[in-house]
Amino acid sequence: MSALVKTLHPDEKIKAGNIGKTMTRAGLGIALVFFAISIILTLTGSASGGHDSKWARFFHAYLIGWSFIFSLSIGMIWIVILHHLVRGRWVTAIRRICEAMACAFPIIFLAGLGFMLPLLFGYEDLYYWAHHDAHNEILNHHLLHKLNFWLTPGFFFVRYCFYGVLFSAIAWYFMKKSRQQDESGDPKISETLRIASGPAMVLYSVATCFFAYDILMTIAPKWYSTMYGVNFWGSACVGGFSALALIVIGIQRTGRLTHSVTAEHYHDIGKWMYSFTFFWAYTAFSQFMLQWYGNMPEETHWYRYRMFGEWKWVSILMVVGYWAFPFAILMSRWTKRIVPSLVFFAVWQLVFHWLDLYWNVMPSYDWNIAYHGATKIVAGPLTGSVSQHHVGFSPVDITVWIALCGVFLVGVGRNLKGNLIPTKDPTLPLSLAHEVQ
Amino acid sequence: MANTHDNHEPSDNDSEPVSADGDLYGVLAEYDTPGELLEAARKVRDAGYTEFDTYSPFPVHGMDEAMGIKRTILPLVVWGGGFTGLIGAVFLQWWMNAYNWPWNISGKPAWSMPANVPIAFEGTILFSVLSAFFGMWILNKLPQVWHPFFRSDRFGKVTDDTFLLGIEAKDKRFDQTSTTKLLQDAGAIAIENVFLETDPRRKTMPKFLFAIIVSSTAFALIPFAIAAKARNSHSNQPHFHIFPDMDFQPKYKSDTADDLFADGRANRGEIAGTVARGQLNADDEFYRGLAHGTGGEPQWTTGFPKQIEINDALVQRGQNRFNIYCTPCHGYDGRGLGAVPQRVAAGGGAWPARNLVEGGGVASKMPNGQLFNTISNGMGTMQGYAAQIPHADRWAIVLYVRALQRSQHAADTDVPADQKGSIR
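Think of each chain on its own: its residues are numbered from 1, step by step along the sequence as written. By the order in which they are written, chains take letters starting at A while ligands take numbers starting at 1. It should be noted that, the model being predicted, local features are given only for residues of pLDDT at least 70 and side-chain atom pairs only at 80 or more, the latter also being counted only at that level, while totals for whole chains, interfaces and linings use all residues. Calculated side-chain values reflect all of the structure's heavy atoms, with hydrogen atoms and water omitted.

Visitor: Honestly, the overall build of chain B in this entry has me stumped. Any pointers?
Guide: When helices and strands are tallied, chain B shows 15 helices and eight strands. In terms of overall size, chain B is more extended than a compact globule, its C-alpha atoms giving a radius of gyration of 43 Å where 424 residues would be expected to give roughly 22 Å. Expressed along its principal axes, the backbone C-alpha trace of chain B runs to roughly 130 × 75 × 40 Å. Only protein chains enter the calculation, and the probe is 1.4 Å; a residue is then buried if its accessible area is under 20% of its type maximum, exposed if over 50%, and partly exposed in between. Looking at chain B as a whole, 29% of its 424 residues are labelled buried. By definition in these notes, contact holds between two residues if any of their heavy atoms fall within 4.5 Å. The contacts in chain B between residues at least 6 apart in sequence include a share of 63% that link residues at least 24 apart. In this tally, Asp and Glu contribute negative charge and Lys and Arg positive charge; neither His nor the terminal groups of the chain are included. All charge positions are set by atom: Lys at NZ, Arg at CZ, Asp at CG, Glu at CD. In chain B, 38 positive and 46 negative side-chain charges are present, and the distance between their average locations comes to 11 Å. Strands are runs of DSSP state E lasting at least 2 residues, helices are runs of H or I lasting at least 4, and numbering of each runs from the N terminus. Radius of gyration means the value over C-alpha atoms here, while the globule rule gives 2.2 Å times the residue count to the 0.38 power.

Visitor: Is there a simple way to think about the overall build of chain A in this case?
Guide: When helices and strands are counted, chain A shows 15 helices and zero strands. In terms of overall dimensions, chain A is globule-like: its C-alpha atoms have a radius of gyration of 22 Å, near the 22 Å expected for 437 residues. Taking the principal axes of its C-alpha atoms as reference, chain A extends roughly 65 × 40 × 40 Å. Counting every position in chain A, which comprises 437 residues, the buried fraction comes to 57%. For chain A, restricting intrachain contacts to residue pairs at least 6 apart in sequence, the fraction spanning at least 24 positions comes to 81%. The distance from the centre of the 32 positive side-chain charges to the centre of the 23 negative ones in chain A is 8 Å.

Visitor: How should I be thinking about the pattern of salt bridges in this particular structure?
Guide: Working definition: two side chains of opposite charge can pair if their charged atoms are close together. Criterion for a salt bridge: a side-chain nitrogen of Lys or Arg within 4 Å of a carboxyl oxygen of Asp or Glu. Using the criterion set out here, one finds 22 salt bridges over all chains in the structure. With a shortest N-O distance of 2.8 Å, Arg95(A) and Asp425(A) are connected by a salt bridge. With Arg95(A) in helix α3 (residues 92-102) and Asp425(A) in the loop between α14 (395-413) and α15 (428-432), this residue pair connects regions lying 330 residues apart in the sequence. Neither Arg95(A) nor Asp425(A) differs from the other in exposure class; each is buried. Measuring nitrogen to oxygen at the nearest pair gives 3.1 Å for the salt bridge that ties Arg45(B) to Asp46(B). The exposure class assigned to Asp46(B) is exposed, which follows from its relative accessible area of 54%.

Visitor: How should the sheet that holds strand β4 (residues 190-195) of chain B be read in this particular structure?
Guide: Backbone hydrogen bonds are what pair the strands of a sheet, in a parallel or an antiparallel way. Residues and elements named next belong to chain B. Taken in spatial order, the four strands line up as β2-β3-β1-β4 in an open sheet, and their pairing is antiparallel. Bordering the open sheet on either side are β2 (52-55) and β4, each of which pairs with just one other strand. Here the average twist between neighbouring strands, direction ignored, is 20°. In this description, strands pair whenever DSSP reports at least two bridges between them. Sheet topology note: the β2/strand β3 (residues 163-168) ladder contains four bridges and is antiparallel. Residue pairing for β3: Tyr55 is matched across the bridge by Leu164. Axis definition: a line fit to C-alpha positions, over the contact stretch in the case of helices; interaxial angles, taken between N-to-C directions, run 0 to 180 degrees. Most of the contacts of helix α1 (residues 34-46) go to β3, to which it runs at about 15°, and overall it touches β1 (24-31), β2 and β3.

Visitor: Can you walk me through the environment of Ile247(A) in this structure?
Guide: All names here are of chain A. For Ile247, the location among the structural elements is in helix α8 (residues 228-253). Residue Ile247 is classed as buried on the basis of its relative accessible area of 12%. Ile247 sits 214 residues away from Val33 along the chain, and the two C-alpha atoms are 22 Å apart.

Visitor: What is the right way to read the interface of chain B and chain A from this model?
Guide: The figure often quoted for interface size is the accessible area lost as the parts come together. On the chain A side, the residues contacting the 13 residues of chain B number 14 residues. When two parts are brought into contact, each loses some accessible area as probed by a 1.4 Å sphere; the total of that loss over both is the buried area. Both faces considered, chain B and chain A share a buried interface measuring about 1,200 Å² in area, 70% of it formed by carbon and sulfur atoms. Summed over the shared surface of chain B and chain A, the number is zero salt bridges. Two N or O atoms form a polar contact when they lie within 3.5 Å of each other; inside protein one atom must be a possible hydrogen donor and the other a possible acceptor, and for residues adjacent in sequence the pair counts only when both atoms belong to side chains. At the junction of chain B with chain A, the criterion picks out zero residue pairs in polar contact (both at pLDDT 80 or more). At five residues, helix α4 (residues 113-139) of chain B tops the list of elements feeding residues into the side of chain B that touches chain A.

Visitor: Sorry, what's going on with the pairing of β4(B) here?
Guide: Regular strands have side chains that alternate between both faces of the sheet. Residue and element names in this part refer to chain B. By the criterion of burial, β4 is predominantly enclosed, with six of the six residues buried. Alternating positions in β4 separate into two faces, Ala190, Glu192 and Val194 on one and Ile191, Asn193 and Phe195 on the other, with burial throughout. Bridge analysis of β1 against β4 gives six bridges, and the strand direction is antiparallel. The residue of β4 that forms the bridge with Glu30 is Ala190.

Visitor: Quick question: what am I supposed to make of the domain arrangement of chain B here?
Guide: Assigned domains within chain B: domain 1 (1-199) and domain 2 (312-410). Domains are outlined according to an automatic or database domain assignment. Put simply, the middle of domain 1 of chain B and the middle of domain 2 of chain B, counted by C-alpha atoms, are 71 Å apart.

Visitor: Quick question: what am I supposed to make of helix α10 (residues 297-307) of chain A here?
Guide: Residues three or four positions apart in an α-helix share a direction because the helix packs 3.6 residues into each turn. Regarding α10(A), the residues found buried are Glu299(A), Thr300(A), His301(A), Trp302(A), Tyr303(A), Tyr305(A) and Arg306(A). Phi turns positive, to about 75°, at Gly309(A), one or two residues after α10(A).

This is the structure we're talking about:
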């Protein structure tokens, strides 16, 4: 209990063995089966709206699910960078798993082409601004005309590639150097990573915000909030740490890392889940508060759609489920230290993180269905009668999400090989002896 | 460590200069390393002692567990404090804004939950932090200015490099011989008996300390005493000035008297027969709205001065200025239902504003020049806006008011022919 440092337990299984391969195969299976289900559901018209809107629904769901898995890696690359930046200690024992989750970026990036390529080749029903008709409208808008060059499919795709390459490169660099240290045991590698972590954090932060502005906020191009990026990041970290908890617990159930990762580490993962839950609520409310109080029509239409009509209940569910309930219960120490309880909250928070993205994206789609019969997506400000504010839930929303979670498992599984612990990291003995005061 | 051997047997001839004249308070044992201290604490706990404590220059990991200290109840205290703060802040806002003094602020509801969240949040944080801070002090029995162990010189080093374990004599299991042996077996490098003070002079608070506390308390009360006296008595003396040179500055304020000039006024008016630069304002039509016809008295102009170019930009400018300066009373539509009249009416009073667009009303009948003059110099209870609004902007407002009047009484013929189809 009391030792300040500990060495690796002699019986500890630190080799990944076949778990990476198993995870990849399972992920591939899930992805194929659920994509097939989603496509069948879409073709047979289970999606709401007219004929054209079926694929619009599919692509909206795809965007939500894809942002979801992307955000998990966003959260994990953050803790890796932060760990080096502040000379962290407790993360070391689980850092290789964080790195593996962050290194899912290339696969996620490829999966994102699923909605990016259609956009690039003229698909107009996901991003309204890609419409030819929209351009005149945008030109006439007193603020949006400045964005005319920004919101073109070509430049949008360039930025998409930039995010993909940047995040992949950061994740790959930290993983590679860490593995090098496993072999050489050179403590200077920690120093190198520490120096790299500063610029990496700056690039990461800016890119994450702009990622959120681009990929998610432009779904409603006439609405804008500078808080949006940081709010997305908070939610992403909730998801990232929740997924981390599940994957670490899963790996421990295969008999690996059973001595190295203890309730103390779970406690700290749980603390991050908890604090980012609050951070998300804090930024989400700040964003809402300013626009609600400012009461300017070009901003409030976005919230009006979510505050009144059927979406009101989803919004209330978010406040209660994503913030109030975990805030009240996950505050206690034991809820983070007992595995079943942590698993419960990890699953709970992942579901609500997805719902958060759903809540951000789907109202724009539903508005189109309600007002235009969705032969074409023609989103403008979300105006109109409250009685027509409609939650058009579709099973495709869920099946596409599960399929993309499979893609995420493929991305992570590929990287679970060799050591599951950075065996020669100088801070490892401190991490193994980690104790939450 | 030189005294290791001296301390094998606890005795009154202890190497430390502690007087052994009082009752035994407890036994202090010194250990070499934090690890040994931890082990010793565990042994003492296992032996069943409860009235003991460990002293070290820094927190030792695992000490709580080794000493058998239960987890602190501070989180519950903080939770209680935070919850109190939350409820208190919400109640405070409800009582002030919605119950005791509801006030119409631009038609916003007196009670609305989103507006209360920041204060509720701050209230929760404030009370959580205060209860954490003071709860920690109380649970740690702080502030504690004196402890019998302070009599040991060894204890003075505990903030530096010494690790001590002290067992108090009031523990039920305390027995000088066996307790000492227990500490010895746990690896103590020195053991020391600490006795209570018997000298009555040293048992009381030092007199100088007492004097400082009493006198500073008395001094602290002086401002309150002065304030209390001033509130309850009358005086012919002027106010007490802490900074007289700030309160009485060697300068003139407008419209005050002074003996320096013959007319006894501090103000200096314009010198007769001169005009200040840029203030000639000779054009009666532009600056005063007056038109000189062919002889006779000047009349209010009915058109616009030649300096004013009537175009869309000017109407926009007029709307902008009108919305800033005029709407508080006259309202956006010019019907006299602005926020001020409404609020005064809600409070039971009356502050009527002219309906500017009423067909055949005063404002509709006024020539442009008189409208301009009203903006400049006011009318009835309305004050003039000459100081706030430049001349050209006043003409822009006149133009906008005309546009408003026309828009409120628009006829079919006002619609351009090419847009008639869009009207239903």
